[in-house]
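Here is how the chains run, residue by residue.
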Amino acid sequence: MSGYRSFVALGDSFTEGLNDPGRPDAPGTGGPGADPARAGRYRGWADRVAERLAALDPDFRYANLAVRGKLIDQIVEHQVPRAIGMRPDLVSLCAGGNDLLRPGSDPDRMAKKLAGAVRDLRATGAEVLLFTGVDPRDTPIMRRVRGTVAIFYMHVRSISELHGCRLVDQWSMQGLRDWRAWSDDRLHMNEEGHRMVAAKVCEVLGVDCDDDWRKVWPPRERVDPAVKRREDVQWVRRHLGPWVVRRLRGRSSGDLLDPKRPDLDAFS
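Below or above, wherever it landed, is the structure these notes cover. (Residues numbered from 1 in each chain as written. Predicted model: local features only at pLDDT ≥ 70, side-chain atom pairs only at ≥ 80, totals over all residues. Heavy atoms only, no water.)

Some details on the overall build of the protein
Assigned secondary structure in the protein consists of nine helices and six strands. Counting only residues that meet the buried cut, the protein has 49% of its 268 residues in that class. Counted over contacts in the protein with a minimum sequence separation of 6, partners at least 24 positions apart contribute 77%. Here the protein has roughly 13,400 Å² of accessible surface; of this, 49% comes from carbon and sulfur atoms. (Helix = DSSP H or I, 4+ residues; strand = E, 2+ residues; numbered from the N terminus. Buried < 20%, exposed > 50% of the residue type's maximum accessible area, 1.4 Å probe, protein only. Contact = heavy atoms within 4.5 Å. Areas by Shrake-Rupley, 256 points an atom, 1.4 Å probe, with all protein chains shown as cover.)

Printed below as a string of structure tokens:
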């Protein structure tokens, strides 16, 4: 027994599970061969952890309220109260990544917002799981705001210690700094990245797991600079350009999307 009989996951695309397609026969994925993006369902680290907890307790229940593109204010306003009403044993809260991508983000204000949400969640008696982000120094968009990112995640560490939370330190996960842990958009982890995070979460929770987050990647072949430039241009056209357009129009990839697991139900 893990001690956790119910788990609610809160956040944005990271917790929703982009871009981990998972098992084609998983509930809600549309069946074998279905596109998880169209079906609205990805697997991701949170589902992987829930699978492990469910294997340890037949009465385990799970909800995932995370929606891609959500900002910290939206997560705190809409997802946190729903989680409080569910009164689970365990709540994961990862928020702020989308805010940090926006010009002029204020890590101090964000931290204050997060701290209030954590205080309210802890007041229910729930165990709260917080996350630092991955060191963005190798990420094309994020490395320019590395200082701001670092300040925010120092706040997250302080909030975690102050309120007695569990902390998943992705900053120290060197395996996540390899591009083979990320999808083509360079902003979301792929299946391997989510598997590593799930293994780290299980370790933090004291739950046995067959996977190991301390992945050592084999050496990569040298990439021709011309090929690398073509890949960068393709990335700008396919991913960065549409992302910028959405921001200029005040739109989000999560607009009109509902959580993939809105209710605290048995996991299957």
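Structural notes on the side chain of Thr124
Note that Thr124 resides in the loop between helix H6 (107-122) and strand E4 (127-132). Looking at Thr124, its side chain comes within polar contact range of the main-chain oxygen of Leu121, at 2.6 Å. Excluding anything up to four places from it in sequence, Thr124 contacts Ile84 and Arg87. (Polar contact = N/O pair within 3.5 Å; in protein donor to acceptor, adjacent residues only side chain to side chain.)

Comments concerning the state of the cysteines
A full pass over the atoms with the stated rule returns zero disulfides. Cysteine Cys209 is unpaired, with the sulfur of Cys202 as its nearest cysteine sulfur at 4.4 Å. With relative accessibility at 31%, the residue Cys209 sits in the partly exposed group. (Disulfide = S-S within 2.5 Å.)

Regarding the nonpolar core
In this structure, Phe7, Trp45, Val49, Phe131 and Val201 are the most contacted members of the largest nonpolar core, which totals 35 residues. Of all the secondary-structure elements, those providing two or more residues to this core are strand E1 (6-11), helix H3 (44-56), strand E3 (90-94), E4 and helix H8 (191-205). Take this core: its biggest share by element is eight residues, from H8. By size, the runner-up hydrophobic cluster in this structure holds 32 residues, among which are Leu65, Met110, Ala115 and Tyr153. (Core = buried A, V, L, I, M, F, W, Y, C linked by side-chain atoms within 4.5 Å.)

Some thoughts on the packing of aromatic side chains
Each aromatic ring pair is summarised here by two numbers: the centre-to-centre distance and the angle between the ring planes. In this structure the tally under the stated criterion is seven aromatic pairs. Aromatic pair Phe14 and Phe131: ring centres 5.6 Å apart, planes at 80°, arrangement edge-to-face. Remark: Phe131 occurs in strand E4 and Phe14 occurs in helix H1 (residues 13-16); sequence separation between them is 117 residues. As far as burial versus exposure is concerned, Phe14 and Phe131 are alike and both buried. (Phe/Tyr/Trp six-rings, centres within 6.5 Å; stacked < 30°, edge-to-face > 60°.)

Here we look at H8
The terminal C-alpha atoms of H8, which comprises 15 residues, lie 21 Å apart, in line with the 21 Å expected from a rise of 1.5 Å per residue. Among the 15 residues in H8, 11 count as buried, and that is most of the element. All of the buried residues along H8 are Gly193, His194, Met196, Val197, Ala198, Ala199, Lys200, Val201, Cys202, Val204 and Leu205. Here the buried face of H8 lies against H1, H3, E3, E4 and strand E5 (166-169). (Expected span 1.5 Å × (residues − 1).)

Thoughts on H3
Since the α-helix turns once every 3.6 residues, residues separated by three or four places project in the same direction. With 13 residues, H3 should reach 18 Å at 1.5 Å per residue; the first-to-last C-alpha distance of 19 Å fits that figure. Burial in H3 covers these residues: Gly44, Trp45, Ala46, Asp47, Arg48, Val49, Ala50, Leu53 and Ala54.

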